[in-house]
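Here's the letter readout for the chains.
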Amino acid sequence: MKTLLEKFFGKSANGIAVKDKLMTGYAEVAGQEVCVFGTCDGTYIDNAAALRFAAHVLGCIENHSKAPIVMLVDSAGQEPNRTAEMLGLASYFGHLLSCLQLARQNGHKLITVATGKAIGGAFICYGMFGDRIDALESASVGLMPIEAMSAVTKIPAPTLEKLSRTMPSLEFGAKPFALLGGVEEVWSAKDDYAAKLAAAIASANTDDNRAALGKKRGGRKLSLDVRNRVLDESGK
Amino acid sequence: MSSAQLFHEQTARQRLASLVDPGSFTEFLPPPERVMSPYLPQLDIPVSFDDGLVIGRAKIGGKTVYLAAQVGQFVGGSVGEVHGAKLTGILKAAARDGIPCVFIVESGGVRLHEGSSGEIAISEAMRAVFECRAKRVPTIAVIGSDIGAYGGMGILTTCCDFRIMTEHGRLGISGPIVIEKWMGKQAYDSSNRALVWKTSGGKTKFLLGDADMLAGDDAASVTAAIKKLLAKSSPLTLKGLKARQQELEKRLKTFGKTSDPDAIWNALGIKNVAEASLASATEFAALAKKK
C-alpha cells in the first residue's frame, strides 16, 4: 500500500496512517494540502470504519477549510452481519455520506480513485459520492462479477457473458463502468498518478454529470432522457 | 379504497391513492407511456410498463408534494436504469420547484439483472436527495412493508431528512437470507420471523432513533405522520453531524458486543418486551417515551 500511496502523494504519503486496512490522514498534491481516507487490501467496511471516516471528514471541515478530500477505494463491501444490521449499518453509511455532503457544501472538492475492489455497497457508501470519480485500469469496479450475478439471478453465466458484450452494465471492470458514466477516466499503469490526481482535483465540480456521460459514451442510454422527461412533465 | 385496509398489504398505487387528498394525484410517465427496462426482455423476464416505480404529484392536507412509490411485487421493487432515472427525476423536480418529496419505499436495492447501471442510478438518486436537502426541501421516506428498504435503497433512505416506519417495515443493507448464508443458520435463522423483525423492524429502528416516527399499519396513520413532517426539514450542520457522530459511537460501544435485540429494547426503556411486541404503534411510542 505504501508504494501506491507514494505514487499518488510522493513523500507526503507519510502523513497518511494505515491501521486495520483503513487509511486516514493529510498529504499534498501539487503543493496543495489534501485530506485523504480510504480502504486497502479489499477490506470490509463496518460500522466502526464508517465512523472513523466520518470523524476524519468532520475534522477536515472544522480545521482544514476547503481542503480537497481524496477517497481511495479498495473494499469488497460490507460483511453481512447480524449485529451490524441490528445497530443500523445503513445509518452509519448514511452518516458518512451526510458528512461528505456537508464538506461539499462547505467548498471541499471530493475526488475518488478506485484502486482495487470497488464493489456494490462499498463503492456506494463513499467513493461513488465523489464530485469526480476515476479508477485504475486494474481496479475491479462494478456491482458484481458475472459469476456472482449468475448465482443470484439464476441466469446462466454464458448468457450474461454474451449479453455483456453489447451491455456494458453487465460487464465488470473499470472500463465498462466508465462507459456507463460511473467513472470519468481510467488510469493506466504507465500514467503519472500524482499528475493525474492533480488534474482531477483541478477539474472537479459539483455537477453530477454521470447520466450525461453515460449517454455520450453509449453505455447507459436511457438515464438522462428518462430523467429529463420527468422534469418536463412535472414542469408543465 | 378504505383507509382501514392494512398499509403493508396495499399495492403501490393503492397506497398513493389512500395517502393523498382524494383525486389529487397526477402520475408522470404513466404506464401508457411504456417507459420500461431495456434489459429484462433480453433476459426473458417480463417487463412492467412503469418499471416498478409510480411517480407523480398530489396534495396531502392541501399541500403539494411529489411522490414516488415502489412496486415490491415487480422484481422486488428493485432499482434498474429506468426505475432509478424516474426516482432521480422526481427528486430533481422537487429540488427545482421547492416541493417536498415523499417516497413509499419497498425495495431490495439494486436490480441485479441490470448490473452496474442500477448501482449508479441509486448513487445519482442520493446526490439528488442531498440537492433537495441543501435547498431545505424536505425528503421523507416511508417504509411500511416486509420487503422493506434494503441494499442501496436502505442507505438512500438514511440520507433523507426523515424516515417514517410502520412495525411491518424493515430497514437494513443485507437481507436476512444473505446474513444466514454468510453467518450460518445457527447464528442467524432467516425463517425466525420474530428475530428478523426485531433485528431490522420498525419498532427497533424507532427505539434507536433511525426511524423518526412509528406509524400504524394503515394509510390514515401514515398520512398523519407525513403531515407532521412536511413543514420541517433537517439541514446538515457541523454541530448536528458531530452530535450524530457521538450518538452512533455510543450506540456501537453500548450494543456492539451483543446480537440480542431484546438487550437494546431493555436498555432503551422497554421493560416488558413481550407486551411491547404486541403494542400498537401509538402505545409503543408512549412506552418508548417513558424510559
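Above this text is the structure in question.
I will try to describe carefully the structure that is included in this document. (Residues numbered from 1 in each chain as written. Chains lettered and ligands numbered in written order. Predicted model: local features only at pLDDT ≥ 70, side-chain atom pairs only at ≥ 80, totals over all residues.)

What to know about the overall build of chain A
- Each helix and strand counted, chain A has eleven helices and nine strands in total.
- The C-alpha atoms of chain A give 18 Å as radius of gyration, which agrees with the globular expectation for 236 residues (18 Å, within 12%).
- Along the longest, intermediate and shortest principal axes, the C-alpha atoms of chain A span 50 × 45 × 40 Å. (Helix = DSSP H or I, 4+ residues; strand = E, 2+ residues; numbered from the N terminus. Rg over C-alpha atoms; globule rule 2.2 N^0.38 Å.)

Details of the overall build of chain B
- Broken down by element type, chain B carries twelve helices and seven strands.
- For chain B, with 291 residues in total, the buried portion stands at 56%.
- By sequence separation, contacts in chain B at least 24 residues apart represent 70% of the contacts at least 6 residues apart. (Buried ≥ 20, exposed ≤ 12 C-beta atoms within 10 Å, placed from the backbone. Contact = placed C-beta atoms within 7 Å.)

Structural notes on the pairing of strand S5 (residues 139-143) of chain B
Residues and elements named next belong to chain B.
- In terms of burial, S5 is largely enclosed, as five of its five residues are buried.
- On S5, burial covers both faces: Thr139, Ala141 and Ile143 on one face and Ile140 and Val142 on the other are all buried.
- Direction of pairing for strand S4 (residues 101-105) relative to S5: parallel, over a ladder of five bridges. Across the sheet, Ile104 pairs through a bridge with Val142, a residue of S5.
- This β-α-β element, S4 to helix H3 (residues 116-134) to S5, shows right-handed connectivity.
- Pairing between S5 and strand S6 (residues 162-166): four bridges, direction parallel. Its bridge partner being in S6, Val142 is matched across the sheet by Ile164.
- In this fold, the crossover linking S5 to S6 by way of helix H4 (residues 151-159) has right-handed handedness. (Pairing = 2+ DSSP bridges. Right-handed = clockwise from strand over helix to strand, strands pointing away.)

Looking at the interface of chain B and chain A
- Taken together, the contact between chain B and chain A spans 69 residues of the former and 64 residues of the latter.
- Taken together, the elements giving at least two residues each to the side of chain B that touches chain A come down to strand S2 (53-60), helix H2 (81-97), H3, H4, helix H5 (176-183), helix H6 (193-200), helix H7 (202-208) and helix H9 (238-255) of chain B.
- With twelve residues, the top contributor of residues to the side of chain B that touches chain A is H3 of chain B.
- Looking at the side of chain B that touches chain A residue by residue, the classes come out as 37 nonpolar, 18 polar and 14 charged. (Nonpolar A, V, L, I, M, F, W, Y, C, P; charged D, E, K, R; others polar.)

Concerning the nonpolar core
- Core analysis: the largest hydrophobic core is formed by 162 residues, its most contacted members being Leu96 of chain A together with Ile164 of chain B.
- Considering every element that reaches this core, the biggest residue donor is helix H4 (residues 89-105) of chain A, with ten residues.
- The residues contacting Leu96 of chain A, other than those within four sequence positions of it, are Ala50, Phe53, Ala54, Cys125 and Tyr126 of chain A. (Core = buried A, V, L, I, M, F, W, Y, C linked by C-beta atoms within 7 Å.)

What to know about the sheet that holds strand S3 (residues 63-70) of chain B
Residue and element names in this part refer to chain B.
- Spatial ordering of the open sheet is given by S1-S2-S3-S4-S5-S6-S7, a layout of seven strands whose pairing is mixed. Across the chains shown, the open sheet's two edge strands, defined by having one partner strand only, are strand S1 (26-28) and strand S7 (213-215). Ignoring which end each strand starts from, the neighbouring axes of this sheet average 25° apart.
- Summarising the sheet, S6 and S7 pair through three bridges and their orientation is parallel. Across the sheet, Thr166 pairs through a bridge with Ala215, a residue of S7. (Axes fitted to C-alpha atoms, helices over the stretch in contact; angles between N-to-C directions.)

Details of H9 of chain B
- Taking 1.5 Å per residue, 18 residues should reach 26 Å; H9 of chain B reaches 26 Å between its end C-alpha atoms and fits that length.
- When H9 of chain B is considered as a whole, its buried residues turn out to be Leu248, Arg251 and Leu252 of chain B. Taken down its axis, H9 of chain B places every buried residue within 95° of arc, on the same side. Opposite the buried face of H9 of chain B, at more than 90 degrees from it, the exposed residues are Lys239, Ala243, Gln246, Lys250 and Lys253 of chain B.
- Lining the buried residues of H9 of chain B we find helix H2 (47-63) and H4 of chain A together with H7 of chain B. (Expected span 1.5 Å × (residues − 1). Arc of directions from axis to C-beta.)

Notes on the packing of H2 of chain A against H9 of chain B
- Where H2 of chain A meets H9 of chain B, the axes come as close as 11 Å, and the angle between the chain directions of the two elements is 155°. By the angle class used here, H2 of chain A and H9 of chain B are roughly antiparallel. The crossing of H2 of chain A and H9 of chain B is left-handed. Residues Asn47, Ala48, Leu51, Ala54, Ala55, Leu58, Ile61 and Glu62 of chain A of H2 of chain A touch H9 of chain B, and the partners they reach there are Leu238, Leu241, Lys242, Gln245, Leu248, Glu249 and Leu252 of chain B.
- Residues of the contact of H2 of chain A with H9 of chain B, tallied by class, amount to ten nonpolar, two polar and three charged. (Parallel < 35°, antiparallel > 145°, perpendicular 65-115°, else oblique. Left-handed = near helix turned anticlockwise from the far one by under 90°.)

Don't take any of this as a statement about function, it's just geometry.
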